[in-house]
2 protein chains.
Amino acid sequence: MAMDTDLMEDEAEFKTVPSASLGTILVIEDDPRMQKVLRRSFASEHYTVAVAGDGQTGLELFRTERPVAVILDLILPGISGRDLCQTFKNLSSGTPVIVLSAISEVVDKVLLLELGADDYVTKPYSPRELMARVQAAIRRQRKPADSTFFRFGNCEIDFKSMTARTDGIPVVLTAHEFKLLKFFTENVDRVLTRELLLNEVWGYNAYPTTRTVDNQILKLRQKLEPDPANPKHLLTIYGAGYKFVL
Amino acid sequence: MAMDTDLMEDEAEFKTVPSASLGTILVIEDDPRMQKVLRRSFASEHYTVAVAGDGQTGLELFRTERPVAVILDLILPGISGRDLCQTFKNLSSGTPVIVLSAISEVVDKVLLLELGADDYVTKPYSPRELMARVQAAIRRQRKPADSTFFRFGNCEIDFKSMTARTDGIPVVLTAHEFKLLKFFTENVDRVLTRELLLNEVWGYNAYPTTRTVDNQILKLRQKLEPDPANPKHLLTIYGAGYKFVL
DNA sequence: CTTCAATTGTCATCCGATTGTCATTTCTTA
DNA sequence: TAAGAAATGACAATCGGATGACAATTGAAG
């Protein structure tokens, strides 16, 4: 409510385009206030946002904008949300659809997912949760041809050439360090136990001591963190493991 | 003691592990040729595959691998497929079971489903059809979206990143606190004795004089309850234990 | 043989889980 | 209703384990 006070009204435009976009999110929702909230929320996460107030517009934007994900309110003027959902899925683009619905509408969650929805969030929902689910859905669907480039803080990583830079200065990383770092970039914000890291990064046949993980983390910190003693990206979660944040 | 993220990785020979797995499919089938076909089929769809040639092995792998779905041949050496199916369902994990059977075996389809099977495919079957049915079953069963999120009152919890928020404000929880909280969210409205909590969350039997549980509850209340003195979610059940309500 | 990376080993530090104590609440029984 | 007993809340202090840091050793590649 207090959120939209300083929002600029760009009524003519239905898109919000940040400088470097992670793709377009199509929001199909008829409540103007929700539109604003969602637009902001995703724009701040570097997504381009396309908003449709009704089903017909939604369908058009779906074709023209090629969104990476769709957020769909079930209650809509015009075409019903249910029909839309199935239509999107029949277009077989693989684009994930996240449904917004009041709890009362969801008589059967299973039914909802059978429509082809990839996920759903019940109202009232937390923007943060919605964001997390959308990003999870996108990641789930994303094809192997991933970007080989990654940036966080003042670090740039190019996995293809196995090079990294901090503040533009080249840093030499070893094979293991790269593999570990890559795994972290693929699991941002997620707490990863040492056991998991050993399995995923080192492989099944390796049974190194858990000290190994610590040391590799240490190395990465020394090479990438401005202040290795106070890491800002490769965080220790005491009693659990490590977490990579941007 | 460390948090038990119990991943068994030793059965490399039974498993086919793609780079990014959508989860494990447990195949219980004694025909080696079918094993190969199924393994390939699901591996190419980015599932991890665990194969068991008999019922006993199947049961073990079910416990250790935590599959997202089970494909079960009814005709098996050792434990019968029917018994296995019921066993899986009694383990109450909700894991979908898809049964393979020759037409002649299926006297009554209803009977089959009464065993707890979620779906069935009659031989000879098309791998494509089987794949479709398995994926449908998985999607149907999928928890409120990987249940990494939980919301109650004005608290949001994200288990995968081990973070929580009250009224949108981040709250730092320790590993133990998280484990305890998670257990509560998995047992809403149920009275949990200290003894049970110690067994399930701590993992050992402790002496009745231990005030450890109380203190952890206290911490959780202080961090999550708006008014820790008058808890609305983490309730004390005098003389019994604690109960978590929404 | 040389070199660099990966693993293991060791010790110091730090975090938080546990314990102990005492106040407060709740239940029981007179 | 009142009083005593039991259970729980609250807080502080301690203790143990987890992690950071670095050195030593092993292993692999050229």
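Going by the structure above, here's the rest.
Report follows, based on the coordinates. Residue indices begin from 1 for each chain and proceed along its sequence in written order. Chain letters and ligand numbers both follow the written order, the letters beginning at A and the numbers at 1. Where local features are concerned, this predicted model is filtered to residues with pLDDT of at least 70; where side-chain atom pairs are given and counted, the filter is 80 or more; whole-chain, interface and lining totals use all residues.

1. Some remarks on the pairing of strand S2 (residues 24–28) of chain A
All names here are of chain A. Burial in this document is a count-based property: other C-beta atoms within 10 Å of a residue's C-beta are tallied, and the residue is buried at 20 or more, exposed at 12 or fewer, or partly exposed in between, with C-beta positions derived from the backbone. Only DSSP runs of H or I reaching four residues or more are called helices, and only runs of E reaching two or more are called strands; each is numbered from the N terminus. The buried fraction of S2 is high, at five of five residues. Side-chain alternation along S2 places Thr 24, Leu 26 and Ile 28 on one buried face and Ile 25 and Val 27 on a second face that is also buried. In short, DSSP must find at least two bridges between two strands for them to pair. Bridging between S2 and strand S3 (residues 48–52) involves five bridges; their strand directions are parallel. Directly across from Ile 28, in S3, lies its bridge partner Ala 52. Where the polypeptide runs from S2 across helix H1 (residues 32–43) and back to S3, its parallel neighbour, the crossover connection is right-handed. Here is how to tell: hold the view so the strands point away, follow the path from the first strand over the helix to the second, and if it runs clockwise the crossover is right-handed.

2. What about helix H8 (residues 210–224) of chain A?
Residues and elements named next belong to chain A. When the terminal C-alpha atoms of H8 are compared, their 21 Å separation across 15 residues agrees well with the 21 Å that a helix rising 1.5 Å per residue should span. The complete set of buried residues in H8 reads Val 213, Gln 216, Ile 217, Leu 220, Arg 221 and Leu 224. On an axial view of H8, the arc spanned by its buried residues comes to 140°, and they lie on one face. Seen from the buried face of H8, the exposed residues on the opposite side, beyond 90 degrees, are Arg 211, Asn 215 and Gln 222. Helix span, expected: 1.5 Å multiplied by one less than the number of residues in the helix. As used here, the arc belongs to the directions running from the helix axis to the C-beta atoms.

3. Observations regarding the protein's contact with DNA strand D
To decide whether a residue is near a molecule or strand, its C-beta atom is placed from the backbone and checked for lying within 6 Å of it. Near DNA strand D lie 23 residues; those nearest to it are Ala229(A), Thr236(A), Asp214(B), Ala229(B) and Thr236(B). Looking at side-chain class alone, the surface near DNA strand D contains 12 nonpolar, six polar and five charged residues. Residue classes follow a fixed rule: Ala, Val, Leu, Ile, Met, Phe, Trp, Tyr, Cys and Pro count as nonpolar, while Asp, Glu, Lys and Arg count as charged, and any other residue, Gly among them, counts as polar.

4. Some words on the nonpolar core
A set of buried Ala, Val, Leu, Ile, Met, Phe, Trp, Tyr and Cys residues, joined through C-beta atoms within 7 Å, is what we mean by a nonpolar core. Ile25(A), Ile71(A) and Leu72(A) are the most contacted members of the largest nonpolar core, which totals 35 residues. Here, residue contact means that the backbone-derived C-beta atoms of the two residues sit within 7 Å. Setting aside its immediate chain neighbours within four residues, Leu72(A) contacts Ile28(A), Gly81(A), Leu84(A), Cys85(A), Val97(A), Val99(A) and Leu100(A). Core analysis: the next-biggest nonpolar cluster, separate from the first, contains 34 residues, Leu197(A), Phe149(B), Phe178(B) and Ile217(B) among them.

5. Section: the pairing of strand S5 (residues 97–102) of chain A
Successive residues of a regular strand alternate their side chains across the two faces of the sheet. Residues and elements named next belong to chain A. With five of six residues buried, S5 lies mostly within the body of the structure. Here strand S4 (residues 69–73) pairs with S5 via four bridges, running parallel. Bridge pairing in S5 places Asp 73 opposite Leu 100. Across five bridges, the pairing between S5 and strand S6 (residues 119–123) is parallel. What sits directly across from Ile 98, in S6, is Asp 119.

6. Focus: the sheet that holds strand S10 (residues 169–171) of chain A
Backbone-to-backbone hydrogen bonds join strands into a sheet, with any given pair of strands oriented parallel or antiparallel. Residue and element names in this part refer to chain A. Spatially, four strands are ordered S7-S8-S9-S10 in an open sheet, and the strand pairing comes out antiparallel. The open sheet has two edge strands with one neighbour each: strand S7 (149–152) and S10. Here the average twist between neighbouring strands, direction ignored, is 20°. Across three bridges, strand S9 (residues 163–166) lies against S10 in antiparallel orientation. Within the sheet, the bridge partner assigned to Arg 165 lies in S10 and is Pro 170. Orientation is described by axes fitted as lines to C-alpha atoms, over the contacting stretch for helices, and by angles from 0 to 180 degrees between their N-to-C directions.

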